[in-house]
Amino acid sequence: EISEIPISVSPGETYQCLNPQHFQIRPGEAEDLQQLLDAVSDRHPPCRGIIHLWSLDITPTEETTLASLESDQKRGCISAAELVKALVGRSLSPHLVLVTQGAEAIGTSVESLSAAQSPVWAVGRVVQNEYQYFQCTKIDLGGGAIATEEITSLFNELWSDDREDEVALRGIKRYVRRAVRV
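From a predicted model like this one, the values you see are computed outputs, not experimental measurements.

Student: So what's going on with the packing of aromatic side chains? Residues and values would help.
Tutor: Taken as a whole, this structure holds five aromatic pairs when the rule is applied. The interplanar angle of 40° and the centroid separation of 6.3 Å between the aromatic rings of Tyr15 and Phe23 together place this pair among those described as tilted. Ring plane angle 55° and centroid distance 6.3 Å describe the contact between Tyr131 and Phe134, whose orientation is recorded as tilted. Through pairs of rings, three or more aromatic residues link up here, namely Tyr131, Tyr133 and Phe134. We note Lys138 situated over the ring of Trp121; from NZ or CZ to the ring centre the distance is 5.9 Å.

Below is the structure:
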């Protein structure tokens, strides 16, 4: 019987194995990802899924500077792209979930959009187009402080059997793309 063993990976200044279930790596560094995958594959059952949450720590839009945008891109879309590259290089294709905050506009409201978050969704769309065997889901939370309802909605979405690949959560509301004939 195989039980689920969650592995937590935090951004840091160096690669470190803090304990068997918690690692630290440098965002966007391919060597650190390779070392992490080596360590995890040696001791754990096959990976079923990866939830990329680093984008949630990106600088808020109103505080964004050129310097923060550069470091945020390493933590967001570059780390996600490097992760996909490392997985493809090892012929691994776990379900990948990219979680952002404020990457997608709902309705006509664009005031809370984050320029630093949107490229993460672009990475997810490239993954879907280039690697059809990869299941990549993009989940966007609302801009501003994350409400308890949204955390519950995210938890429910992560454990759902639904096959939607682009979902926006706003509190308890769930939005998905639909094409409508006009």
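From this point, things continue past the structure.
Student: Tell me about the side chain of Thr100, and please be specific about residues and values.
Tutor: Mapped onto the fold, Thr100 is located in strand β5 (residues 95–101). Within polar-contact distance, the side chain of Thr100 engages the side chain of Trp121 at 2.9 Å. Excluding its chain neighbours within four sequence positions, the residues that come into contact with Thr100 are Ser55, Leu56, Gln117, Val120, Trp121, Ile139, Asp140 and Leu141.

Student: Residue-level account of the sheet that holds strand β2 (residues 16–19), with values.
Tutor: Across the sheet, which stays open at both edges, the three strands sit in the order β1-β3-β2 with mixed pairing between neighbours. If you trace the sheet from one side to the other, it starts and ends with β1 (8–11) and β2, each paired once. Here the strands of the sheet are splayed against their neighbours by 25° on average, with no regard to which way each runs. Bridge count between β2 and strand β3 (residues 22–25): three bridges; the pairing is antiparallel. Opposite Cys17, over in β3, you have Phe23 as the bridge partner. Sheet strands touched by helix α1 (residues 30–43): β1, β2 and β3. Its angle to β3, the strand with the most contacts, is close to 165°.

Student: So what about unusual backbone geometry? Which residues, and what values?
Tutor: One non-glycine residue, Ser91, lies in the positive phi region at around 60°. When you line up the elements, Ser91 lands in the loop between α2 (66–89) and β5. When its relative accessible area of 67% is taken as the criterion, Ser91 is described as exposed.

Student: Describe the pattern of salt bridges, with residues and values.
Tutor: Taken as a whole and assessed by the stated rule, the structure comprises 12 salt bridges. The partner of Arg178 in a salt bridge is Glu164, with the nearest N and O atoms 2.6 Å apart. Of this pair, Arg178 sits in the segment after β8 (173–176) while Glu164 is found in the loop between α4 (148–158) and β7 (166–170), placing the two residues 14 residues apart along the sequence. On the basis of relative accessible area, Arg178 is assigned to the exposed category, the value being 56%.

Student: Account for the environment of Ser71, naming residues and giving values.
Tutor: By secondary structure assignment, the location of Ser71 is in helix α2. Judged by relative accessible area, Ser71 falls into the partly exposed class, the value being 42%. In this structure the C-alpha to C-alpha distance between Ser71 and Arg177, which are 106 residues apart in sequence, comes to 30 Å.

Student: Lay out the nonpolar core in plain terms, naming residues and giving numbers.
Tutor: Core analysis: the biggest nonpolar cluster contains 23 residues, and Leu36 and Leu96 have the highest contact counts within it. Taken together, the elements giving at least two residues each to this core come down to β3, α1, α2, β5 and α3 (118–130). By residue number, the principal contributor to this core is α2, which donates six residues. If we ignore the near neighbours within four places in the chain, the residues touching Leu96 are Ile50, Leu83, Val84, Phe134, Gln135, Cys136 and Thr137. Counting seven residues, the second-largest nonpolar core is a separate cluster that includes Val97, Ile139, Leu154 and Val167.

Each value, and the rule that gives it
Residues numbered from 1 in each chain as written. Predicted model: local features only at pLDDT ≥ 70, side-chain atom pairs only at ≥ 80, totals over all residues. Heavy atoms only, no water. Phe/Tyr/Trp six-rings, centres within 6.5 Å; stacked < 30°, edge-to-face > 60°. Lys NZ or Arg CZ within 6 Å of the ring centre and 35° of its normal. Helix = DSSP H or I, 4+ residues; strand = E, 2+ residues; numbered from the N terminus. Polar contact = N/O pair within 3.5 Å; in protein donor to acceptor, adjacent residues only side chain to side chain. Contact = heavy atoms within 4.5 Å. Pairing = 2+ DSSP bridges. Axes fitted to C-alpha atoms, helices over the stretch in contact; angles between N-to-C directions. Buried < 20%, exposed > 50% of the residue type's maximum accessible area, 1.4 Å probe, protein only. Salt bridge = Lys/Arg side-chain N within 4 Å of Asp/Glu carboxyl O. Core = buried A, V, L, I, M, F, W, Y, C linked by side-chain atoms within 4.5 Å.

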